[in-house]
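So the chains spell out like this:
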Amino acid sequence: MNTKPPVAEPTLTQARSKFRNLRVEFPRSSHDEISDQTRIKRAVACIDSSMKGQVLLRHTKAVAEGLDLPLNIIHVMESASTDHGPSDPIQWQIKYQEAKDHLLRLANEEDQDSTIHDHFILNGIAGDEISRWANDHEGSLMAMTSRCGLPSGTMLHGYIGDTAQKLLEASNASLLLVPPDMPAPESVRYKRLMVPLDGSQRAESVLPVAMRIARKHNAELVLAHVVSEPEIVETGPHDKEAHDLMAHMLRYNEQNAHAYLDRLQSRLNNGTVTIRTIVENDGDPRERLIRLATAQDVDLILISAHGRTGMPNACCGNIARHLVTNTHIPLLMVRQQAGHKLDHPEISTDAFGRRIFSDWAH
């Protein structure tokens, strides 16, 4: 396939054998502050040809303002994968001018305070080109609709678009995913943010980002944890010992979760952001977090791509992927940059206590 190189436009106008996974003991951190190791340098709105560009750009702008990031926009002139012959230069120029006009119109409508820094027009397959651009520009927060890459009008529950999926798998960029059916207010101001936590430092790494956005938007920050039901091997339907043991461990885990979130709240609470903690113990944590965000009228979910397990061969964890593909609320997935080690080897295991978490932890 013949493609032209990316075209950069100038700046715009601007233990018992009977059970397992039994208890959760959350770490007692020796750090007074939670450092921001995300190194997000810019926010990039990936605009396609749909009518959802305005909604996406407004959410990207809201996050960029919250983090004091320059805002860029990208559009990919899609090349059909079946093209084998040479490109028609006249047709290419027409498509290029249409893409340019589309971005300029969008920028002029949405960028009245000149916050857009640059815009770029790429040529090729959207997922490939955007992933390549993100990898070439380390520290980018890439924003797109969660169905980007699906045919227009397609709404598949439990799926994300091909472009979003490609970016998730082929880049290390943080992602802002906005559902395509979001309303389009004149401006986006977040009133309530939610951060799911599992006790790991990877999950906590989102907190500096969440605090900055919450402070800028004067929003409430909700710290949430869902206690999983311990998995116990029962000998029969009337195994009283197993039933009592499960009830005891649920109470134990819930108490630890409350203590953990209370410690985090105390560390973060400097009077500039209203912080609230919620511990739930009802159902699958993945679905429970979605229901909780809806019930709490959350405007933005912030989550680390990986939590306690941090599987190196997976682009994101179990809970993070479920939220990405199922939530109807804008979601900001923060990924750590290569070379950033969040677990501190100089702190002994005893300083944290036993760290045993449920299988549902992302």
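If you're wondering where the values come from, they're calculated on a predicted model, not measured in any experiment.

What follows concerns the overall build of the protein. Along the backbone of the protein there are 10 helices and 13 strands. Relative to its full complement of 362 residues, the protein shows a buried share of 53%. With the model as given, the accessible surface of the protein reaches about 17,200 Å², and the carbon-plus-sulfur share is 49%.

With that settled, the discussion passes to the side chain of His-75. One can find His-75 in strand E4 (residues 71-78). Exposure remark for His-75: the relative accessible area of 9% places this residue in the buried category. Of note is the side chain of His-75, whose polar atom sits 2.8 Å from the backbone oxygen of Ile-47. Among all residues touching His-75, those that are not within four sequence positions of it are Ile-47, Asp-48, Ser-49, Ala-99, Leu-103, Phe-120, Ile-121 and Leu-122.

To continue, consider helix H4 (residues 162-170). Turning to H4, its buried residues number three or more, namely Thr-163, Ala-164, Gln-165, Leu-167 and Leu-168. Next to the buried residues of H4 lie helix H3 (126-136), strand E6 (140-145), strand E7 (174-178), helix H9 (318-326) and strand E13 (331-334).

Further remarks concern the pattern of salt bridges. Following the criterion strictly, the structure yields 5 salt bridges and no others. Among the salt bridges present, the one from Glu-129 reaches Arg-132, with a minimum N-O distance of 2.8 Å. Taken as a pair, Glu-129 and Arg-132 lie in helix H3 at a separation of 3 residues, close to a single helical turn. Given a relative accessible area of 12%, Glu-129 falls into the buried group.

Our focus in this paragraph is the packing of helix H8 (residues 285-295) against H9. Relative to each other, H8 and H9 sit at 45 degrees, their axes nearing to 9 Å. Taken together, the axes of H8 and H9 are oblique relative to one another. As H8 packs across H9, the resulting crossing turns out to be right-handed. Along the contact surface, H8 presents Pro-285, Arg-286, Glu-287, Leu-289 and Ile-290, while H9 presents Asn-318, Ile-319, His-322, Leu-323 and Asn-326.

Within the secondary structure, Val-206 is located in the loop between helix H5 (201-204) and helix H6 (207-217). Overall, the relative accessible area of 0% leaves Val-206 in the buried class. Sequence-wise, Val-206 and Arg-335 are 129 residues apart; in three dimensions their C-alpha atoms are separated by 8.8 Å. Aside from chain neighbours lying at most four places away, what touches Val-206 is Val-195, Leu-302, Ile-303, Ser-304 and Val-334.

As a further point, take the pairing of strand E5 (residues 116-124). Most of E5 sits inside the fold, with 8 of its 9 residues counted as buried. As paired elements, E4 and E5 share 8 bridges and run parallel to each other. Note that in E5 the partner of Val-76 across the bridge is Leu-122.

Most of H9 is tucked away, with 7 of its 9 residues classed as buried. Packing partners of the buried residues in H9 comprise E7, strand E8 (192-196), H8, strand E12 (300-304) and E13.

Per-residue pLDDT for the protein averages 75, and the proportion of residues at 70 or more is 69%. Per-element confidence in the protein ranges from a low mean pLDDT of 32 for helix H10 (residues 349-352) to a high of 96 for E8. Taken as a whole, residues 28-33 scores under 50 in pLDDT and shows 10 contacts with residues more than four places along the chain or in a different chain. Here residues 338-362 is modelled with pLDDT under 50, and outside its nearest four sequence neighbours on either side it reaches 69 contacts, counting other chains as well.

Evaluated as defined, the whole model comprises 2 aromatic pairs. Where Trp-92 meets Tyr-96, the ring centres are 5.5 Å apart and the plane angle is 0 degrees; that geometry is what we call stacked. Here Tyr-96 and Trp-92 lie together in helix H2 (residues 89-110), a separation of 4 residues that amounts to about one turn. We classify Trp-92 as buried; its relative accessible area is 15%. Tyr-96 gets classed as buried once you look at its relative accessible area, which sits at 9%. Judged by centre distance (5.4 Å) and plane angle (55 degrees), the rings of Phe-120 and Trp-133 are tilted. Here Trp-133 lies in helix H3 and Phe-120 lies in strand E5, a separation of 13 residues in the sequence. Across the pair, exposure class does not vary: Phe-120 and Trp-133 are buried alike.

The next subject is the environment of Leu-106. Considering the arrangement of structural elements, one finds Leu-106 in helix H2. According to the relative accessible area criterion, Leu-106 is buried, its value standing at 7%. For the pair formed by Leu-106 and Leu-57, sequence separation is 49 residues and the distance between their alpha carbons is 8.7 Å. With residues near it in sequence (within four places) discarded, Leu-106 still touches Ile-47, Gly-53, Gln-54 and Leu-57.

The next thing to look at is the nonpolar core. Within the largest apolar cluster, 59 residues are counted, with the highest numbers of intra-cluster contacts made by Ile-213, Leu-223, Leu-302 and Leu-332. Cys-46, Met-194, Ile-290 and Ile-319 belong to the second-largest nonpolar core, a separate cluster that totals 39 residues.

Here we take up the environment of Leu-268. Turning to its location among the elements, Leu-268 is positioned in helix H7 (residues 240-268). On the accessibility criterion, Leu-268 (12% relative accessible area) is buried. Spatially, the C-alpha atoms of Leu-268 and Pro-208 are 9.0 Å apart, while their sequence positions differ by 60 residues.

Cut-off values and rules
Residues numbered from 1 in each chain as written. Predicted model: local features only at pLDDT ≥ 70, side-chain atom pairs only at ≥ 80, totals over all residues. Heavy atoms only, no water. Helix = DSSP H or I, 4+ residues; strand = E, 2+ residues; numbered from the N terminus. Buried < 20%, exposed > 50% of the residue type's maximum accessible area, 1.4 Å probe, protein only. Areas by Shrake-Rupley, 256 points an atom, 1.4 Å probe, with all protein chains shown as cover. Polar contact = N/O pair within 3.5 Å; in protein donor to acceptor, adjacent residues only side chain to side chain. Contact = heavy atoms within 4.5 Å. Salt bridge = Lys/Arg side-chain N within 4 Å of Asp/Glu carboxyl O. Axes fitted to C-alpha atoms, helices over the stretch in contact; angles between N-to-C directions. Parallel < 35°, antiparallel > 145°, perpendicular 65-115°, else oblique. Left-handed = near helix turned anticlockwise from the far one by under 90°. Pairing = 2+ DSSP bridges. pLDDT = per-residue confidence, 0-100. Phe/Tyr/Trp six-rings, centres within 6.5 Å; stacked < 30°, edge-to-face > 60°. Core = buried A, V, L, I, M, F, W, Y, C linked by side-chain atoms within 4.5 Å.

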